[in-house]
Amino acid sequence: MVTQQQVLRFCEEELGYDYLGNWKARDGNRNVEEAQLRYWLGRQGHEERVINRALRELDQAAAISGSKTLYDANRAVYEKLRYGVHVRPSVEEQTITVWLIDWNNPENNNFAVAEEVTVAGANTKRPDVVFYVNGIALGVLELKRSTVALAEGIRQSLDNQKREFIRPFFATVQLLMAGNSTEGLRYGVIDTPEKYWLEWKEPAEIENPLERGLFQLCRKERLLEIVHDFMVFDAGTKKTCRHNQYFGVRAAQDHVRRRQGGVIWHTQGSGKSLTMVWLAKWIREHVTDARVLVITDRTELDEQIEKVFKGVDEQIYRTRSGADLIQVLNTNEEWLIASLMHKFGASEEGDVDAFIQDMESHLPKGFRAKGNLFVFVDECHRTQSGKLHEAMKALLPEAMLIGFTGTPLLKQDKRKSIEIFGPYIHTYKYDEAVHDGVVLDLRYEARDIDQHIISQEKIDQWFELKTRGLNDYARAQLKKRWGTLQKVLSSRDRLEKIVSDILWDMATRDRLMSGHGNAMLVAGSIYSACRLFEMFQATELKGKCAIVTSYVPSTADIKGEATGESETEKLHQYEIYRRMLAEHFDEPEDTAVHKVETFEKEVKKRFIDEPGQMKLLIVVDKLLTGFDAPPATYLYIDKQMRDHGLFQAICRVNRLHTEDKEVGYIVDYKDLFKSLEQSIQDYTGGAFDAFDAEDVEGLLENRLTKARERLEETREAVKALCEPVEPPRDSPAYRRYFVGPSDAPQLQQDNEPKRVALYKHVGAFLRAYADLANEMQQAGYTVEEAARIKGEVEHYERVREEVKLASGDYVDMKLYEPAMRHLLDSYIRADETEKLSAFDDMTLVELVLERGEDAVESLPSSMAGDQDAMAETIENNVRRLIIDEMAVNPKYYEKMSDLLDALIEERRKQAMEYKEYLRRIVELTRRAARPEERSAYPTGIDTPARQALYDNLGQDSTLALRLDEKIRSVKKADWRGNPFKEREVRNAIRSILQSQVREQGGYDADAVLELVKAQHAY
């Protein structure tokens, strides 16, 4: 509460918001406070009838019902806020626009905050602080104490948006925030996954990080600017800007006002295409007669830009040829135009000469482009941009050019690019993006695979060395697959060695072996790609590997294949490609060969969505650059590359596409940075020597060095977290500190943040250890140090498992740890954890229901001789079940809770034999988990919903049955959270209760409605 009062005071005193009060006990809190909005609209001069119509339109936009999702409702509301509500006061009058917010004059709006805003929903929730503008909820802030992780606030916000809670409230909300006074503020929009919540970066003199964040995001003019200019609905996902996009667009706005071109360099993965979108929209609204031409050289980017603009209801015209482009520029019909250079040349990259020639050949006499033209050139770092610029200057002398790039400019191109486009408008370099968590750190490793091993003894030694971190079980599993590797290792064929090296990683590297990560292999040629594919087809990667290149098999390629060596290569790749397509589509080669484009889309989708089913893509040039090249965890390079091509390729693995991906890995078989020869650690030279060193600083980090740093960081974090646990730091001590006794549920709830921190830190420690387990000596650890660290990992993993089990948390934690099981199997689990793994598939409550008193045999051996520990673990799990189900039938579960308390009390007083205690706790578990099995209900009270009504309404079976029948007859689909449909159900409940009041005295209709909402049957 201290943090909350501090925030409210800051909003009032520093940001100039009104304080609306504490709305914990206030009824009818909504995301549109009608009285406030009516008052403000009245002050703007609107009549009552116009206001009524505008409010009705806004209500309809915000309603979530049927197939309409939160995304749909939020988008509908955003359009009303952004573009005004179009109202026709009467049939005789013209349509007028009613602005719900005065965007041009921030001070003319009513900014206010309310705290503890109780919102009724499927289950009632209470956001900490709600930001209202003219009575419309635009922002919601969840706060945490300084000692509780800010991530808790993010998860709370995500929970609140679920159907089970108060989803409809978020239909108007544009900015979601979570914060505490130590970590500051993070922000997102509706349905933003936790990993994409952002921190705003901007110089400010305010020391307190939470207040600084509020000032930067929520001061009046900034909040309205972000909502008005920096929201986008992109193919089903709402997005807002990162700070680099905001300041990039703001800097470009200044250049537009001065008519001075320039270059925006925002590193790969930092949202360049959305920066284009927001800038284009701003230009259209602020420059008279503005037109924007976007020139790209990638089909994917051309398509993506079209999708994004359509997402914000802006139609973009994609030209079909140079002639088409000239025709469009010569008329003033289209304001937004995309032109793809790729169409004008046969090469993978666009052919500038052909593009220019096509345009010039179709120029009408006296051609002059209509309108005020702005040309965006994507990937302007390419050497061709100079020619393009000259052509554009000749054709469109008055146009302003803005270049966009995701890679640094080459030293020799810097001066030229500044001459062509103008100076840098804004930069956001790679090391800044890593620091901000926008992209991941990269781990680089040069591998020398040219040596070959002949003797069996050498091969066995190599196996021992490479598996020294694995336990016996994992090593035995690996031995089963050893045959293929053994054969290939002794091969003299370089490509076969690469195959064996990658297979080894697939079998031993954390994310690759779990099926949650994937890899791309860059081959030196299409022929090499085909040979590598053929080799992988003879291994366990068959069906999980594909080639994606620009090659399309054609009979023209194989004419005269009988002469000469190169033709034989062509024939070979032709046959492999046809075979791959036929196997994928399960049809004859002659028909499958025409489906290359479909094949590419399908394997790319599987690679992204189901990495366990498509683990490796072999590429040459394709998929390494361009907007939607797929993200990967590992990139293997066996091709001479440098400068931009290499920079863009390695950025395939720095994307944050899953929660558990922490870094990207680059494995370099060509030693592009000469690190094997010169033992260098600074990868700014070699293949990057054409860049200025400061422009590529921090891009690549040595894998072993950084892996050791990460291991030590995670190790210290776990130790610091467990420092307060009392000696001797045994199992009971950890349970006391992280869980608490079973008769103190409030204490257990208060300890939850500590437990979440434990799970997170131990998981990170385990992943960091697994990353280095087989190479501890190479990373600089002695044998003794490596053994000690392995012991610590095993110890803390056991603590984590026991705490999860003792608290009942493991039921929820499964979702957060999808890839953890295989790590435990490989590096930690022995007999003890085999036991614990039973809980990966069943809850303890389910085990009790299935095995009765024998379920205690499944508990860890550290609890085995401790009857109190086993009892408390079962009690906590039953308590968890009771709390989770309480809303469904409060009376019944209150009774269960009382019975549990009484049983705990008896056990503590040692008033019964342990065997008797087990019998009674099993019986209580059965009653709590399966209330419908009780036979004590009257006839007709035979469903959980009827039983809940019966139990909570004075055990009146007639009333319960009448209510059940009435509710079923009036309820409509998706009625929860829809004000109109909810009112129908409430009225139905009230009608039955009123007739009952006349007979016996009654119940509160709203309380009964909340009970009804919790029933799955309704």
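This report concerns the structure included in the present document. (Residues numbered from 1 in each chain as written. Predicted model: local features only at pLDDT ≥ 70, side-chain atom pairs only at ≥ 80, totals over all residues. Heavy atoms only, no water.)

Observations concerning the overall build of the protein chain
So, point 1. On a plain count of helices and strands, the protein chain comes out with 43 helices and 24 strands.
So, point 2. Partitioning the intrachain contacts of the protein chain with sequence separation of at least 6 by distance along the chain shows that 70% fall at a separation of at least 24.
So, point 3. Here the protein chain has roughly 43300 Å² of accessible surface; of this, 47% comes from carbon and sulfur atoms. (Helix = DSSP H or I, 4+ residues; strand = E, 2+ residues; numbered from the N terminus. Contact = heavy atoms within 4.5 Å. Areas by Shrake-Rupley, 256 points an atom, 1.4 Å probe, with all protein chains shown as cover.)

Notes on the packing of aromatic side chains
So, point 1. Here the structure, examined in full by the defined rule, presents 24 aromatic pairs.
So, point 2. Aromatic side chains tyrosine 17 and phenylalanine 111 sit 5.5 Å apart centroid to centroid with 75° between the ring planes, which places their arrangement in the edge-to-face category. With a gap of 94 residues between them, tyrosine 17 in the loop between helix H1 (2-13) and strand S1 (18-22) and phenylalanine 111 in strand S4 (residues 111-115) connect regions that are remote in the sequence. Side by side, tyrosine 17 and phenylalanine 111 carry an identical accessibility label, which is buried. (Phe/Tyr/Trp six-rings, centres within 6.5 Å; stacked < 30°, edge-to-face > 60°. Buried < 20%, exposed > 50% of the residue type's maximum accessible area, 1.4 Å probe, protein only.)

Brief notes about helix H40 (residues 944-952)
So, point 1. Of all 9 residues in H40, 7 are buried; the element is thus mostly enclosed.
So, point 2. Residues of H40 that are buried include every one of Ala945, Gln947, Ala948, Leu949, Tyr950, Asp951 and Asn952, and no others.
So, point 3. The elements touched by buried residues of H40 are helix H38 (890-908), helix H41 (957-970) and helix H43 (1005-1013).
So, point 4. Glycine 954 sits one or two positions beyond H40 and adopts a positive phi of about 65°.

Things to note about the nonpolar core
So, point 1. Among the nonpolar cores identified, the biggest contains 109 residues, and Phe131, Ile283 and Phe376 are the most heavily contacted of them.
So, point 2. If you tally residues by element for this core, the top one is helix H9 (residues 272-286), at 8 residues.
So, point 3. Residue contributions to this core reach at least three from each of two domains, namely domain 1 (1-232) and domain 2 (243-428).
So, point 4. Contact partners of phenylalanine 376, with chain neighbours within four places excluded, come to Met276, Leu279, Ala280, Ile283, Val292, Leu293, Val294, Ile295, Ile402 and Phe404.
So, point 5. Judged by nonpolar contacts, the second largest core, of 82 residues, contains Val799, Ile941, Ala960 and Ile992. (Core = buried A, V, L, I, M, F, W, Y, C linked by side-chain atoms within 4.5 Å. Domains from an automatic or database assignment.)

Overview of a negative patch on the surface
So, point 1. Together, Glu12, Glu13, Glu14 and Asp18 make up a negatively charged patch on the protein surface.
So, point 2. Along the chain, the position of glutamate 14 falls in the loop between H1 and S1.
So, point 3. Exposure remark for glutamate 14: the relative accessible area of 54% places this residue in the exposed category. (Patch = residues over 30% accessible without salt bridge, like charges linked within 9 Å, V, L, I, M, F, W, Y side chains within 5 Å. Salt bridge = Lys/Arg side-chain N within 4 Å of Asp/Glu carboxyl O. Lys, Arg positive; Asp, Glu negative; His and termini not counted. Charge placed at Lys NZ, Arg CZ, Asp CG, Glu CD.)

What about unusual backbone geometry?
So, point 1. Here the amide bond leading from proline 727 into proline 728 is cis, since omega sits at 5°, within 30 degrees of zero.
So, point 2. Counting through the fold element by element, proline 728 comes out in the loop between helix H27 (703-722) and helix H28 (731-738).
So, point 3. Notably, aspartate 586 is not glycine yet its phi reads approximately 55°, a positive angle.
So, point 4. By the element assignment, aspartate 586 lies in the loop between helix H22 (565-585) and helix H23 (589-592).

Structural notes on helix H19 (residues 494-508)
So, point 1. An ideal rise of 1.5 Å per residue puts 21 Å on 15 residues; H19 measures up with 21 Å between its terminal C-alpha atoms.
So, point 2. Summarising burial for H19: 13 of the 15 residues are buried, a large majority. (Expected span 1.5 Å × (residues − 1).)

Focus on the environment of alanine 73
So, point 1. Inspection of the secondary structure assignment puts alanine 73 in helix H4 (residues 70-83).
So, point 2. Through-space distance from the C-alpha of alanine 73 to that of alanine 63 is 6.4 Å; in sequence the pair is 10 residues apart.
So, point 3. Excluding residues within four positions of it along the chain, alanine 73 makes contact with Ala61, Ala62, Ala63, Ile64, Lys68 and Ala171.

A look at the sheet that holds strand S18 (residues 441-446)
So, point 1. Strands sit in the order S20-S21-S19-S22-S23-S18-S24 across an open sheet of 7 strands; the sheet is parallel. Only two strands of the sheet have a single partner each, and these edge strands are strand S20 (545-548) and strand S24 (701-702).
So, point 2. In terms of strand pairing, strand S19 (residues 519-522) meets strand S22 (residues 634-637) through 4 bridges, oriented parallel. Within S22, the position partnered with alanine 519 by the bridge is tyrosine 634.
So, point 3. Sheet strands touched by helix H24 (residues 596-609): S19, S20 and strand S21 (616-619). Its angle to S20, the strand with the most contacts, is close to 130°. (Pairing = 2+ DSSP bridges. Axes fitted to C-alpha atoms, helices over the stretch in contact; angles between N-to-C directions.)

Focus on the packing of helix H3 (residues 48-62) against H4
So, point 1. Packing of H3 against H4 brings their axes to within 7 Å, and their N-to-C directions diverge by 155°. One way to sum up the angle between H3 and H4 is to call them roughly antiparallel. Of the residues in H4, those in contact with Glu57, Leu58, Ala61 and Ala62 of H3 are Ala73, Ala76, Val77 and Lys80.
So, point 2. Its residues assigned to classes, the contact of H3 with H4 shows 6 nonpolar, no polar and 2 charged. (Parallel < 35°, antiparallel > 145°, perpendicular 65-115°, else oblique. Nonpolar A, V, L, I, M, F, W, Y, C, P; charged D, E, K, R; others polar.)

Section: the sheet that holds strand S5 (residues 129-133)
So, point 1. Reading across from one edge, S1-S4-S5-S6-S7-S8 is the order of the 6 strands in this open sheet, with mixed pairing throughout. Strands at the two margins of the open sheet, each flanked by one partner only, are S1 and strand S8 (184-188). Taking the axes of each pair of neighbouring strands and ignoring which way they run, one obtains an average angle of 20° across the sheet.
So, point 2. Relative to strand S6 (residues 136-143), S5 runs antiparallel, the two being bridged by 5 bridges. Bridge pairing links valine 130 to valine 140 in S6.
So, point 3. Across the sheet, helix H6 (residues 209-218) is in contact with S5, S6, strand S7 (175-180) and S8; its angle to S8 comes to roughly 35°.

Side note on the pattern of salt bridges
So, point 1. Overall, the coordinates contain 68 salt bridges when judged by the stated rule.
So, point 2. Arginine 908 is the partner of aspartate 743 in a salt bridge, and the nearest nitrogen-oxygen pair spans 3.3 Å. One end of the pair, aspartate 743, is in the loop between H28 and helix H29 (745-750); the other, arginine 908, is in helix H38, with 165 residues separating them in the sequence.
So, point 3. Residue arginine 908 is joined to glutamate 872 by a salt bridge in which the shortest nitrogen-to-oxygen separation is 2.7 Å. With arginine 908 in helix H38 and glutamate 872 in helix H37 (residues 867-885), this pair connects stretches of sequence that are 36 residues apart.
So, point 4. Looking at arginine 908, the relative accessible area reads 38%, which means it is partly exposed.
So, point 5. Among the charged side chains, a network of salt bridges with common partners joins Glu445, Arg447, Asp501, Asp505, Arg509, Arg703 and Glu775.

Geometry only, nothing functional implied.
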